[in-house]
Amino acid sequence: MALSTVLDENICYIEDKIPVRESFDFMTRHLYLGETPAFFLGLNGFCRTEVLQQIFSDLQNASYTKDAKVEDIVRYLDGKLGYAQASLCDSWDDIIRNLLSGPAVLIVDGFSAAILIDARTYPARGISEPDLERATKGARDGFVETLLLNANLIRRRVRSRGLVFSMHSVGEESRTDVAVAYIRGTVNRGLLDMLEHRIDALRITSLTMGAKSLEELLVHRHWWNPLPSIRMTERPDVACSYLLEGHIVVLVDNSPLVLILPCTVFQFTQSPEDYYKSPAVGTYFRLVRFLCIPVSLLLLPIFLLITAWFPDLAGSLGLLSEVGLTRERLFFYILAMEFLLDLFKYSSALSSGKFSGSLSIVGGLIIGDIAVSLNWATAEVLFYAAVTLLASLAIADTEFGDAIRLYRILLIAGTGLFGIWGLGVCLALVLLSAATTPTFGGFSYFWPLFPFNKKALGRLLFRSPTPKAQPTRIWNRGKAHD
């Protein structure tokens, strides 16, 4: 719907569509630009007051404006309003959307177009290093909840003329800004077109949980697919490295997480720490992280299998110091330790930093010792559970580690109930679940292992020196399909 040339009609329309008189955070002013009436509307807290004061002080200064009446809105905007981020808009939908996003609106009597003044500012926290993606060396900045600041962090690192931030709006009520970042000439155009079409076609009320909600809307997973389908990061250096390799980065306003497309399972084993160390040291720790995945998944189920179902072999290997433990008791011990360690990890993660150290001491010294004294566990079970927990914490991505935890619980249950056959069947179910994990665009989740790409697999397993690790071309993964 277009604006009217009568100012009073435009004011009535605004008051009918927006609760400017009911909501305290709307700012309204009736102004005169010379002898021409005007109406100002903005959101308190989203506008830089000092900038708007200077603009309207100049516009209402008779010696500055000289003209008694505004005759041409375009000429007036170009000649009198020197602020850089000012534009005309003649659509009520666009005006209201911009107003609720932060820009101020100036409606002048006699014209069917409003002036949008983008003098907005958002509350923002410092760009500190993300807690879950720390590195001993390197950059200490991280994405925040403001989309423009996140785009600036990327632009600061990638000053390519082909870098594009394509803006979209998602949510009938929230109108959340979503920016799709890519580099022209390197991006997969089929994947990009599919992504933008999918985002524009979303018909939802709001993105309640920001980037996480958008991830679940873009890729529909079943409950038996706990592995993450889209890589997310809070580190600008990680996002820029994927951009330069031809990936697409999706930024969501009000969320410090950015999405990286396309995704493979090997992305969740990567860490920026590898590239802040020498190639040999980086390769060593990368291989250690790869080893932590099977250790976290299989150590406790195999320990349970040997000690509960093959006691003679367990005795010869010295896996248990206590003789005569029944199969049921060992099964209970391991399930109890699994639950207690998960509870301990979850409580430590959500507690204040003032208490996390105390929780570590209590959990490590008191609870473990008392659990053994009360026959809730044995020292061996406690040891293998602790090794499993350390291996889980060494996995670079927490969401990937949580999926491994669910798989491990399934293997423990199958092993405790049905022995080696239960372990084999549950392991087959785990592999089937991982193989059927959906990805956006239909790319292989296990690339470059399948389809096999020797060079790309070598880059994933071994940390290459910087001269050889430059993204000179885009890896061929096939075509995106819906």
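Please read these numbers as outputs of a predicted model, since none were measured by experiment.

Colleague: Can you walk me through the overall build of the protein chain in this structure?
Modeller: In terms of helices and strands, the protein chain carries 16 helices and 10 strands. The globule rule puts the C-alpha radius of gyration for 482 residues at 23 Å, and the 29 Å found for the protein chain is more than 25% above it. If you line up the protein chain on its principal axes, its C-alpha atoms span 100 × 50 × 40 Å. When contacts within the protein chain are restricted to residue pairs at least 6 apart in sequence, long-range pairs at least 24 apart make up 66% of them. Carbon and sulfur atoms form 60% of the exposed surface of the protein chain, whose accessible area is close to 25100 Å². A distance of 11 Å separates the average location of the 45 positive side-chain charges in the protein chain from that of its 48 negative side-chain charges.

Colleague: What's the story with the pattern of salt bridges in this structure? I'm lost.
Modeller: Side chains that differ in charge, positive against negative, can pair when their charged atoms come close. Taken as a whole, this structure holds 18 salt bridges when the rule is applied. For the salt bridge of Arg157 with Asp141, the shortest nitrogen-to-oxygen distance reads 2.9 Å. With a gap of 16 residues between them, Arg157 in helix α6 (residues 147–157) and Asp141 in the loop between β5 (114–117) and α6 connect regions that are remote in the sequence. Given a relative accessible area of 32%, Arg157 falls into the partly exposed group. Where Arg235 meets Asp237, a salt bridge forms, and the shortest distance between an N and an O atom there is 2.9 Å. Take Arg235 and Asp237: they sit in the same class, and that class is buried. Several salt bridges converge on common partners, so that one network encompasses Glu129, Arg134, Arg140, Arg235 and Asp237.

Colleague: Just to check I follow, could you spell out the packing of aromatic side chains for this structure?
Modeller: One pair of aromatic rings is described through two measures. These are the centre distance and the angle between the planes. Applying the stated criterion across every chain yields a total of nine aromatic pairs. Geometrically, the ring pair formed by Phe266 and Phe290 is tilted, given 6.4 Å between the ring centres and 45° between the ring planes. Residue Phe266 is found in the loop between β10 (258–261) and α10 (279–309), and its partner Phe290 is found in helix α10; the two are separated by 24 residues along the sequence. As far as burial versus exposure is concerned, Phe266 and Phe290 are alike and both buried. In textbook terms, an aromatic cluster arises when at least three aromatic residues are bridged by ring pairs, as seen for Phe303, Phe383 and Tyr384. We note Arg327 situated over the ring of Trp309; from NZ or CZ to the ring centre the distance is 3.7 Å.

Colleague: Help me understand helix α4 (residues 73–80), please; the structure alone is not making it clear to me.
Modeller: Note that an α-helix has 3.6 residues per turn; residues three or four places apart therefore point the same way. Within the span of α4, buried status applies to Ile73, Tyr76 and Leu77. End-on view of α4: buried residues confined to an arc of 100°, all on one side of the axis. Structural note: α4 exposes Arg75, Asp78 and Gly79 on the side pointing more than 90 degrees away from its buried face. Of the residues flanking the start of α4, the one acting as N-cap is Asp72, its side-chain oxygen 3.1 Å from the backbone nitrogen of Val74.

Colleague: Help me out: how do you make sense of the sheet that holds strand β8 (residues 231–233) in this one?
Modeller: Pairing in this open sheet of five strands is antiparallel, and the strands run β6-β7-β9-β10-β8 from one edge to the other. Of all the strands in the sheet, the pair left with one neighbour each is β6 (163–170) and β8. Direction aside, neighbouring strands of the sheet carry axes that sit 25° apart on average.

Colleague: How should the confidence of the model for the protein chain be read in this particular structure?
Modeller: Note: predicted coordinates in regions of low pLDDT should not be interpreted at a detailed level. Within the protein chain, residue pLDDT values average 85, and 90% of them lie at 70 or more. The element-level mean pLDDT for the protein chain is lowest in helix α13 (residues 353–373), coming to 61, with strand β9 (residues 248–252) highest at 96.

Colleague: Before we go on, may I ask you to explain a nonpolar patch on the surface in this structure?
Modeller: Where nonpolar side chains cluster on the molecular surface, the patch consists of Phe310, Leu313, Leu317, Ile420 and Trp421 and spans about 570 Å² of accessible area. Of all the elements in the fold, those that place two or more residues in the nonpolar patch are α11 (311–317) and α15 (398–435).

Colleague: How should the environment of Arg203 be read in this particular structure?
Modeller: In this structure, Arg203 sits in the loop between α7 (189–200) and α8 (211–218). With 31 residues separating them in the primary sequence, Arg203 and Glu172 have C-alpha atoms 7.2 Å apart. A distance of 2.9 Å separates the side chain of Arg203 from the backbone oxygen of Asp200, its partner in a polar contact.

Colleague: Is there a simple way to explain the sheet that holds strand β4 (residues 104–108) in this structure?
Modeller: Reading across from one edge, β1-β2-β4-β5-β3 is the order of the five strands in this open sheet, with antiparallel pairing throughout. Both edges of this open sheet fall to β1 (26–33) and β3 (86–89), since each of them pairs with a single strand only. Neighbour-to-neighbour, the strand axes of the sheet open up by a mean angle of 25°, direction not taken into account. Pairing geometry for β1 and strand β2 (residues 36–43), over eight bridges, is antiparallel. Of the residues in β2, the one forming a bridge with Tyr32 is Pro37. Set on the sheet, α4 makes contact with β1, β3, β4 and β5; between it and β3 the angle comes to about 170°.

Colleague: How should the side chain of Ser166 be read in this particular structure?
Modeller: Structurally, Ser166 is set in strand β6. Reaching out from Ser166, the side chain makes a polar contact with the side chain of His168 at a distance of 3.2 Å. In contact with Ser166, not counting residues within four places along its chain, are Val178, Ala179, Val180, Tyr182 and Glu196.

Colleague: Would you explain the pairing of β10 in this entry?
Modeller: Here is the key point about a regular strand: its side chains alternate between the two faces of the sheet. By the alternation rule, side chains of β10 split into Val258 and Ile260 and Leu259 and Leu261, which are all buried. Bridging between β9 and β10 involves four bridges; their strand directions are antiparallel. Considered in β10, the bridge of Val249 is made with Ile260. Hairpin connection, β9 to β10: the antiparallel pair is bridged by five residues, and Asn254 has positive phi, about 75°.

Cut-off values and rules
Throughout, a residue's number is its position along its own chain's written sequence, starting from 1. Selection of residues for local features in this predicted model requires a pLDDT of at least 70, selection of side-chain atom pairs for listing and counting requires 80 or more, and totals for whole chains, interfaces and linings are taken over all residues. Side-chain measures here rest on the full set of heavy atoms in the structure, leaving out hydrogens and waters. Every helix listed is a DSSP run of H or I at least four residues long, and every strand listed is a run of E at least two residues long, numbered separately from the N terminus. As defined in this context, the radius of gyration uses C-alpha atoms, and a globule is described by 2.2 Å times the residue total to the power 0.38. Note on contacts: a residue pair qualifies if any of its non-hydrogen atoms lie within 4.5 Å across the two residues. Computed with the Shrake-Rupley method and a 1.4 Å probe, the accessible areas treat only the protein chains shown as cover for residues. When charges are tallied, Lys and Arg are placed among the positive residues and Asp and Glu among the negative ones, while His and the ends of the chain are skipped. Note on charges: their place is set at NZ of Lys, CZ of Arg, CG of Asp or CD of Glu. Salt bridges, as used here, are contacts in which a Lys or Arg side-chain nitrogen is within 4 Å of a carboxyl oxygen on Asp or Glu. Working definition: with a 1.4 Å probe on protein chains only, accessible area under 20% of the residue-type maximum means buried, over 50% means exposed, and in between means partly exposed. Classification of ring pairs uses Phe, Tyr and Trp, with its six-membered ring standing for Trp, and accepts pairs whose centres are within 6.5 Å; under 30 degrees between planes counts as stacked, over 60 as edge-to-face, and the remaining range as tilted. A ring has a charge above it when a Lys NZ or an Arg CZ is no more than 6 Å from the ring centre and no more than 35 degrees off the ring normal. What the arc covers is the set of directions going from the helix axis to the C-beta atoms. Counted as a polar contact is a pair of N or O atoms within 3.5 Å, where, for protein atoms, one must be capable of donating a hydrogen and the other of accepting one, and residues adjacent in sequence contribute only when both atoms are in side chains. Any two strands with at least two DSSP bridges between them are considered paired. As a rule, the C-alpha atoms of each element are fitted with a line to give its axis, helices using only the stretch in contact, and angles between N-to-C directions run from 0 to 180 degrees. A residue's pLDDT is the confidence the predictor assigns to it, expressed on a 0 to 100 scale. Patch building starts from residues that exceed 30% relative accessible area and form no salt bridge, then joins like charges within 9 Å and nonpolar side chains (Val, Leu, Ile, Met, Phe, Trp, Tyr) within 5 Å.

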